[in-house]
Amino acid sequence: ETLQLNVCLFFLTSGYTLFEDEMPGETLNKKKILLVFAYSSRNAINVAKTPPLGIAYIASFLEEAGHEVHVADMQVDESLSFLSSISQYDILGVSTLSPYVALSYDIVRKAKAVKPNILTVMGGPHVSALPKECLEENSELDIAVSSEGE
């Protein structure tokens, strides 16, 4: 799984593509990417809300590589309204903590139901601790990012 992460970030930031119909080394094919920081006040752990810096770093890096990136921080808006526009995205990335993993799986499942060919990526502390289990528990999840994605 770690190799998958390195390959994924290399392709996204080096002008390569993640899609089979294009050859590596071609001109950058700009992707539309949605990054979600999963959160639910019903399952909240007793810590202060903090900005999702990991997602912010990844978003900045991807934008510099020419991709269009949108961020949904569920600490600010817990609705799943971002899913109404999921069909316009090529890649969905979700960052999750253990209390929110069921919600994160639900987000991935709903995205795949609307757009089956969307590339789904999940990271965060829960995934770092249990990357293989995350892939086994959610067949709609394409890539589990173990360790720090940024």
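Structural data are supplied above this passage.
Residues numbered from 1 in each chain as written. Predicted model: local features only at pLDDT ≥ 70, side-chain atom pairs only at ≥ 80, totals over all residues. Heavy atoms only, no water.

**Quick look at the sheet that holds strand 3 (residues 91–95)**
Strand order in the open sheet formed by five strands is 2-1-3-4-5, with parallel pairing between adjacent strands. The sheet is open, and its two borders are formed by strand 2 (68–73) and strand 5 (143–144), each paired with just one other strand. Bridging between strand 3 and strand 4 (residues 119–123) involves five bridges; their strand directions are parallel. Counted as the bridge partner of isoleucine 91 is leucine 119 from strand 4. (Pairing = 2+ DSSP bridges. Helix = DSSP H or I, 4+ residues; strand = E, 2+ residues; numbered from the N terminus.)

**What to know about helix 3 (residues 101–114)**
Compared with an ideal rise of 1.5 Å per residue, which puts 14 residues at 20 Å, helix 3 spans 20 Å between its outermost C-alpha atoms and is within 8% of the ideal. Residues of helix 3 that are buried include every one of Val101, Leu103, Ser104, Tyr105, Ile107, Val108, Ala111 and Lys112, and no others. Here the buried face of helix 3 lies against strand 1 (32–37), strand 3, strand 4, helix 4 (125–129) and helix 5 (131–137). (Expected span 1.5 Å × (residues − 1). Buried < 20%, exposed > 50% of the residue type's maximum accessible area, 1.4 Å probe, protein only. Contact = heavy atoms within 4.5 Å.)

**Remarks on the packing of aromatic side chains**
Think of a pair of aromatic rings as described by two things: how far the centres are apart, and how the planes are tilted against each other in angle. Applying the stated rule across the entire model yields one aromatic pair. Taken together, a centroid distance of 5.4 Å and an interplanar angle of 55° make the contact between tyrosine 39 and tyrosine 100 tilted. Within this pair, whereas tyrosine 39 is found in the loop between strand 1 and helix 2 (53–64), its partner tyrosine 100 is found in the loop between strand 3 and helix 3, the two being separated by 61 residues in sequence. Pair check on accessibility: tyrosine 39 and tyrosine 100 agree, each one buried. In this arrangement the basic side chain of lysine 32 is found over the ring face of tyrosine 89, its NZ or CZ atom lying 5.6 Å from the centre. (Phe/Tyr/Trp six-rings, centres within 6.5 Å; stacked < 30°, edge-to-face > 60°. Lys NZ or Arg CZ within 6 Å of the ring centre and 35° of its normal.)

**Quick word on the pattern of salt bridges**
A full pass over the atoms with the stated rule returns three salt bridges. For lysine 112, the salt bridge is made with aspartate 142, and the minimal N-O distance between the two is 2.9 Å. In this pair, lysine 112 is assigned in helix 3 and aspartate 142 in the loop between helix 5 and strand 5, connecting sequence segments 30 residues apart. A relative accessible area of 15% places lysine 112 in the buried class. (Salt bridge = Lys/Arg side-chain N within 4 Å of Asp/Glu carboxyl O.)

**A few points about the pairing of strand 3**
Most of strand 3 sits out of view: five of its five residues are buried. Alternating positions in strand 3 separate into two faces, Ile91, Gly93 and Ser95 on one and Leu92 and Val94 on the other, with burial throughout. Bridge count for strand 1 against strand 3 is five bridges, and the pairing is parallel. Following the sheet pairing, isoleucine 33 is matched in strand 3 by isoleucine 91. With helix 3 bridging strand 3 and its parallel neighbour strand 4, the resulting β-α-β unit is right-handed. (Right-handed = clockwise from strand over helix to strand, strands pointing away.)

**What about the nonpolar core?**
In terms of nonpolar packing, the biggest core is built from 25 residues, with Leu34, Val36, Phe82, Ile86, Leu92, Val94 and Ile107 touching the most fellow members. For this core, the elements supplying multiple residues, two or more each, are strand 1, strand 3 and helix 3. Those residues within four positions of valine 36 in sequence are excluded, and the remaining contacts are Ile55, Ala72, Met74, Phe82, Leu92, Gly93, Val94, Ser95 and Ile107. Core analysis: the next-biggest nonpolar cluster, separate from the first, contains 12 residues, Ile33, Leu35, Ala59 and Val145 among them. (Core = buried A, V, L, I, M, F, W, Y, C linked by side-chain atoms within 4.5 Å.)

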